[in-house]
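Residues per chain, in single letters:
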Amino acid sequence: FTTPKDAIYYLNDAGITCAVTFNIRNGIYIEADTLYQIAGASAINNITFQSEAGDSSLVKISQTDGFTGADYVLKLIGTDFVNFKKITFERITGVGYYLNLAALVNMSTNNSFTNCAFTTSGTGIHFANNNIYSANYINSKASKPLFLQV
């Protein structure tokens, strides 16, 4: 896959039958991605998106459309068992909800953000729609506080 969005489209359509890791090449990816409940995902058969170089400053997923389009950079809708490692999520244009970086909604559980950087003047990660908060793990390497909106 050439972009994270391409891999996400495939996951949403086809699901998985084993654990899957996507090593993302260095670059800036301008996209807004939505992951739904992935068929076959489980604690054993989990999905990982990670920086191929192991450096979050070298892989950036960003949304530059500040006032129209998606109100997030990454949205998990009922998504379970997905890990994000050493990736920067950035959104610096927009106001209100158009500054959200990630939204975990509709009971998204057992997801993790490990050593990821979050850059926004809005909400870092937004939990909504009867979400279970305790099973999601967030460890930010950002020097600024990470804002969680519940």
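Residues numbered from 1 in each chain as written. Predicted model: local features only at pLDDT ≥ 70, side-chain atom pairs only at ≥ 80, totals over all residues. Heavy atoms only, no water.

Draft legend 1. Molecular detail of the environment of G78. Take G78: it is sitting in the loop between β6 (74–77) and β7 (82–85). By relative accessible area, which is 12% here, G78 ends up buried. On a C-alpha basis, the gap between G78 and L35 in space is 8.2 Å, while along the polypeptide they are 43 residues apart. Residues within four places of G78 in sequence aside, it is in contact with Q37, V105, N106, M107 and S108. (Helix = DSSP H or I, 4+ residues; strand = E, 2+ residues; numbered from the N terminus. Buried < 20%, exposed > 50% of the residue type's maximum accessible area, 1.4 Å probe, protein only. Contact = heavy atoms within 4.5 Å.)

Draft legend 2. Looking closely at empty space enclosed by the protein. For the coordinates displayed, the defined rule picks out one cavity of 30 Å³ or more. Quantified by volume, the largest cavity comes out at close to 40 Å³. P4, I8, I24, D33, F49, I61, L74, F84, I87 and F89 together form the lining of the largest cavity. Looking at the lining of the largest cavity residue by residue, the class counts come to nine nonpolar, no polar and one charged. (1 Å grid on protein atoms, 1.4 Å probe; cavity = no way out; pocket = protein on both sides within 12 Å on 5 of 7 lines; lining within 4 Å. Points joined across faces, edges and corners; volume = space filled by probe spheres on them. Nonpolar A, V, L, I, M, F, W, Y, C, P; charged D, E, K, R; others polar.)

Draft legend 3. Quick look at the pattern of salt bridges. On inspection of all chains with the given rule, the structure shows three salt bridges. The shortest N-O distance in the salt bridge between K60 and E90 comes to 3.7 Å. In this pair, K60 sits in strand β5 (residues 59–62) while E90 sits in strand β8 (residues 88–91), placing the two residues 30 residues apart along the sequence. A residue is classified by how much of its surface remains accessible, and E90, at 16% relative accessible area, is buried. (Salt bridge = Lys/Arg side-chain N within 4 Å of Asp/Glu carboxyl O.)

Draft legend 4. Representation of the environment of A103 within the structure. Within the secondary structure, A103 sits in strand β9 (residues 102–105). Relative accessible area serves as the criterion here: at 5%, A103 is assigned to the buried category. Along the backbone, A103 and T34 are 69 residues apart, and their C-alpha atoms lie at a distance of 9.3 Å.

Draft legend 5. Representation of unusual backbone geometry. Here F81, not a glycine, exhibits a phi torsion of approximately 65°, which is positive. Counting through the fold element by element, F81 comes out in the loop between β6 and β7. Not every positive phi belongs to a glycine, and N106 is a case in point at roughly 55°. Overall, the relative accessible area of 37% leaves N106 in the partly exposed class.

Draft legend 6. Up close: the confidence of the model for the protein. Residues at a pLDDT of 70 or more form 71% of the protein, whose mean pLDDT is 80. Here strand β13 (residues 148–149) stands out as the element of the protein with the lowest mean pLDDT, 44, in contrast to strand β1 (residues 20–24), whose mean of 98 is the highest. Across residues 143–150 the pLDDT falls below 50, and counting only partners more than four positions away or on other chains, this stretch makes 18 contacts in the model. (pLDDT = per-residue confidence, 0-100.)

Draft legend 7. View of the nonpolar core. Core analysis: the biggest nonpolar cluster contains 27 residues, and L35, F49, F84, I87, F89 and F113 have the highest contact counts within it. Looking at this core, the elements with two or more residues in it are α1 (4–14), β1, β4 (47–51), β5, β6, β7, β9 and β10 (112–120). Residue contacts for F84: discarding those within four places in its chain leaves L35, F49, L74, L76, F89, S112, F113, T114 and C116. (Core = buried A, V, L, I, M, F, W, Y, C linked by side-chain atoms within 4.5 Å.)

Draft legend 8. Structural detail: the side chain of T88. When you line up the elements, T88 lands in strand β8. Accessibility expressed as a relative area gives 7% for T88, which makes it buried. A polar contact is formed between the side chain of T88 and the backbone oxygen of S56, at a distance of 2.7 Å. Those residues within four positions of T88 in sequence are excluded, and the remaining contacts are S56, S57, V59, K60, I61, A117 and T119. (Polar contact = N/O pair within 3.5 Å; in protein donor to acceptor, adjacent residues only side chain to side chain.)

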